[in-house]
Amino acid sequence: LCPGLQWTAPKWTTARARSPAPRLGVPLEARTVVAMASEQWLADASGHGPASAEAITLSGFARVGSNFAAAASDRRRLQEEHDDDDFTSLIVFIIALLIFFFILMFLLNMIVIVKQAEVMVIERFGKYRTTFSPGLNFLIPIMDVPRKVNWRYVDVAWGTDTPVVKTIETARIDMREHCFDFAKQNVITKDTVQILIDALVYFQIADARLAVFNIQNLPDAVELLTQSTLRNIVAQLSLDDTFSSRERINDELLQTIMRDAERWGVTVTRVEVQNIFPPADIKNSMEAQIVAERERRSMVLQADGKRESAIVRSQGDAAKMVLEAEGVRTSLVNRAKGEADAKLLVAKAEAGAVRRLRTATAQHGVKATEYLVAIQYLNALKEAGGGGSASKAVLLPSNSLNTISNIMRYTAPPSHGDGPRRLLRTACVRCRLHAEA
């Protein structure tokens, strides 16, 4: 053993002092026997004299040989016993060590520490027993066994940008929310256009027992369910509806998947259509359609601008005409009111004149109306007979002239002289001449 703290098996191994190296290959016991025999031979030789030295020498060597043989046999017997004891001690030590390790592993397997946001499904003899929650848990080894499940995740190796999907078999079920990014898949729309769709699904395990015992491979099941449901939804939409109805696709996909995923103890929280990739020819056609649509919108906007301009212009013209008519109407109304007022004033003046005339003619026994009629008659005759035209003739009844002459006789004032009478006489003569002609 080296200096320091060492481990040994008690009672089975003993420390022995290191013996000096043997000389000439003779064992220690043999050298001891030879030394004793030599001392005995010297003692005998000194007591019996030279005559018996030879006999003593022979007998001494015989004793030495017999003692040496006895010592060798004892040594072999002791060595065999010692080897048997060492082998037995080694066997006992190995068995004790195995028992110790077995007990240690048994105790270690009894203690299970579950991390936060993880659970373990425990089976006893192949039947569901319990679900270990986060913290310190105990189980009975051999009887209780954690149920393992297949799981996969995406990992990016160090120094590369290429994601790699890895599949593992684990007994610890992660209860956090998971995100699966599916590969691009071919989908055919309602108008028979083949496109590529990249989707994401977010789900969380709500019941670990159902997730383990009701489905064989949960990640693959969620992926295949999402892909098949997405194909069915897109098959009912046209290409334009697929691009413009992502929210509708996400809602229908989420509602459909949730009903099926509940049987597996999984809650689907969100489904997103990440990218839609149409074919190259469809993409070019869509770009041309967008350009044409923008040109059409530009033309429509221009036409709408012209239409609005014409409407505004016509509304302005109509308002102008209405205002002009309103002005004419107001002008006519004001003019009519002025003329009415003027006529009213004229009528009032004429009425005053007639009242005064009636008062003046009543003194001579002439009616005012006859006087006025005669005056108007004379004015008409003046206009009819004026102008100096000899070819113009006016026909008058004969009794009219007599009446007018009678009126003028009574109504003409003395200051007037014979002017009115001469005019009336001349008019009567002309009327008679025309009547005779």
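Look above for the structure.
From a predicted model like this one, the values you see are computed outputs, not experimental measurements.

Caption draft 1: Representation of the nonpolar core. Within the largest apolar cluster, 40 residues are counted, with the highest numbers of intra-cluster contacts made by Ile173 and Leu218. Of all the elements in the fold, those that place two or more residues in this core are β2 (118–124), β6 (149–156), β11 (194–205), α3 (208–213), α4 (218–234), α6 (246–261) and β12 (266–277). When residues in this core are grouped by element, the largest group, 7 residues, is from α4. Excluding residues within four positions of it along the chain, Ile173 makes contact with Ala117, Glu118, Val119, Val121, Val149, Ile205, Ala208 and Val212. Listed in part, the 7 residues of the second largest apolar core include Val112, Met120, Leu139 and Ala171.

Caption draft 2: Geometry of the pattern of salt bridges. Evaluated as defined, the whole model comprises 14 salt bridges. We note a salt bridge from Arg176 to Asp174, for which the minimum N-O separation is 2.8 Å. The shortest N-O distance in the salt bridge between Glu293 and Arg296 comes to 2.4 Å. Of the two residues, Glu293 and Arg296 both sit in helix α7 (residues 280–362), 3 residues apart, roughly one turn of that helix.

Caption draft 3: View of the packing of aromatic side chains. Tallied over the full model, the rule gives 5 aromatic pairs. Residues Tyr128 and Phe213 carry aromatic rings whose centres are separated by 5.8 Å and whose planes lie at 80 degrees to one another, so their mutual orientation is edge-to-face. Here Phe213 lies in helix α3 and Tyr128 lies in strand β3 (residues 127–132), a separation of 85 residues in the sequence. By relative accessible area, Tyr128 is classed as partly exposed at 33%. Residue classification places Phe213 among the partly exposed positions, given a relative accessible area of 33%. Judged by centre distance (5.1 Å) and plane angle (75 degrees), the rings of Phe180 and Phe203 are edge-to-face. Here Phe203 lies in strand β11 and Phe180 lies in strand β9 (residues 177–181), a separation of 23 residues in the sequence. Judged by relative accessible area, which is 9%, Phe180 ranks as buried.

Caption draft 4: How the structure looks around the pairing of β2. Of all the 7 residues making up β2, 6 are buried; the element is thus mostly covered by neighbouring parts of the structure. As paired strands, β2 and strand β8 (residues 172–174) are joined by 3 bridges and run antiparallel to one another. From the neighbouring strand, Glu118 faces β8, where its bridge partner is Asp174. When β2 meets β3, the two strands line up antiparallel, connected through 5 bridges. When the sheet's bridge partners are listed, Arg124 is paired in β3 with Lys127.

The rules behind each value
- Residues numbered from 1 in each chain as written.
- Predicted model: local features only at pLDDT ≥ 70, side-chain atom pairs only at ≥ 80, totals over all residues.
- Heavy atoms only, no water.
- Core = buried A, V, L, I, M, F, W, Y, C linked by side-chain atoms within 4.5 Å.
- Buried < 20%, exposed > 50% of the residue type's maximum accessible area, 1.4 Å probe, protein only.
- Helix = DSSP H or I, 4+ residues; strand = E, 2+ residues; numbered from the N terminus.
- Contact = heavy atoms within 4.5 Å.
- Salt bridge = Lys/Arg side-chain N within 4 Å of Asp/Glu carboxyl O.
- Phe/Tyr/Trp six-rings, centres within 6.5 Å; stacked < 30°, edge-to-face > 60°.
- Pairing = 2+ DSSP bridges.

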